[in-house]
Amino acid sequence: MLARMAANFYWLGRYAERTENTARLLEYQLTRLVDADADELALGWRVVYRALSQPPPQAPADVDEAEAFLIADAYTLTGGLVEDTTNPASMISCWGMARENAREIRPRLPLRVWVCLNQGYLWLQETEFADAWGEGPAALVSEVIDRLRLLAGVVDANMARDDAWRFLELGRYVERLQQQIVLLDVWDRIARPGGDGLALAWADLLRVCGAFEPYRRDRSLTLQRGSVLGFLMRNPEVSRSLHFATGRIESTLRGIDPAGGRPPLAAPHRLALRISAALELDPGEADAASDAPDAASGEVFGSLTRDSRTLHDLVQATYVDYPVTAGLPS
């Protein structure tokens, strides 16, 4: 496979996953507009924006004005993350970049995959955000999530398990690993009891990650910080746990570069294993009864963030941007 095509498949996976991550966070926030008070909504918007590495919105200091801003202007706050083409983190921008990468590799992409991806993008582009908002604030982002999951199913059913599929999967799970690390770190730092007692529930974090029901089955109805973080970091069966993402990264790397998975390990393989080991050494669950973040957990998330970004750089350097005279590892 040409390195250029490998890069297109990789970034297609990354941008599709990034679009769904934005939609999931917005769905969580928008479903709370009716029941949450202004302070809780403000805290929720800060979590959403920081998890997406966006400047957090500033609400008015007056409580009544803040409530009007964060409920009525939830339309504006959401619109910036949905339809703003100048914002690279918006859903329309990310979906557009996924489509552009897919357009570059049309000869290697099954027709049904392209049609599903293209139809979804055109639907979002043609949707009037104001009309969709009138039907229900969370309706549009819920539809985006459904369409992206349909795309994932079409990919799974129509693509051969060759290097094209492997690079697409690698992009998906590198993106998921990075986004989930940031989300867990932001939630641990921000969504905790402050001086006013305001906090976001750990159950909400599990719901955002699609892990609430599995947690209740495997653990208990009692939700504690360390137990929830440990579950979302190390559970191998939850699709948005860090352990699950690193496992899929390791398996796709072995498929792309089998020789790199044998000693001496290639750099991406070695770093993926190190990330897996770091997850097992996380100290956060030892203090399961505490709701306050500690320095150790902050260091763990900081190290995981750096390693996940380095992993992307190593994948690019090893399989995409390598010198022509060197060739692929053999």
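In what follows, the structure referred to is the one given above.
Source: prediction; values computed, not measured.

Peer 1: Hey, could you run me through the packing of aromatic side chains in this one?
Peer 2: Given two aromatic rings, one states the distance between the centres and the angle between the planes to describe the pair. One pass over the full model with this rule turns up 10 aromatic pairs. Ring centres 5.7 Å apart and planes at 85° place the aromatic pair Y10 and W11 in the edge-to-face group. On the basis of relative accessibility, which here comes to 1%, the residue Y10 falls in the buried class. Pairing Y215 with F231 gives two aromatic rings, centres 5.2 Å apart and planes at 85°, and the pair type is edge-to-face.

Peer 1: Just checking my understanding: could you explain the pattern of salt bridges for this structure?
Peer 2: It is possible for side chains of opposite charge to pair when their charged atoms get near one another. Counting across every chain of the model gives 20 salt bridges. R147 serves as the salt-bridge partner of E143, at 3.1 Å between the closest nitrogen and oxygen. Pair noted here: E143 and R147 are both in helix α8 (residues 139-158), with a separation of 4 residues, about one helical turn. Note on E143: relative accessible area 30%, which makes it partly exposed. As a salt-bridge pair, D204 and R207 come within 3.4 Å of each other at their nearest N and O atoms. Here the residue D204 and the residue R207 both occupy positions in helix α10 (residues 202-208), the gap between them amounting to 3 residues, near one helical turn. Its relative accessible area of 47% is what places R207 among the partly exposed residues. Linked through salt bridges whose partners overlap, the residues forming this network are E17, E20, R149, E169, R172, R176, R240 and R248.

The rules we used
Residues numbered from 1 in each chain as written. Predicted model: local features only at pLDDT ≥ 70, side-chain atom pairs only at ≥ 80, totals over all residues. Heavy atoms only, no water. Phe/Tyr/Trp six-rings, centres within 6.5 Å; stacked < 30°, edge-to-face > 60°. Buried < 20%, exposed > 50% of the residue type's maximum accessible area, 1.4 Å probe, protein only. Salt bridge = Lys/Arg side-chain N within 4 Å of Asp/Glu carboxyl O. Helix = DSSP H or I, 4+ residues; strand = E, 2+ residues; numbered from the N terminus.

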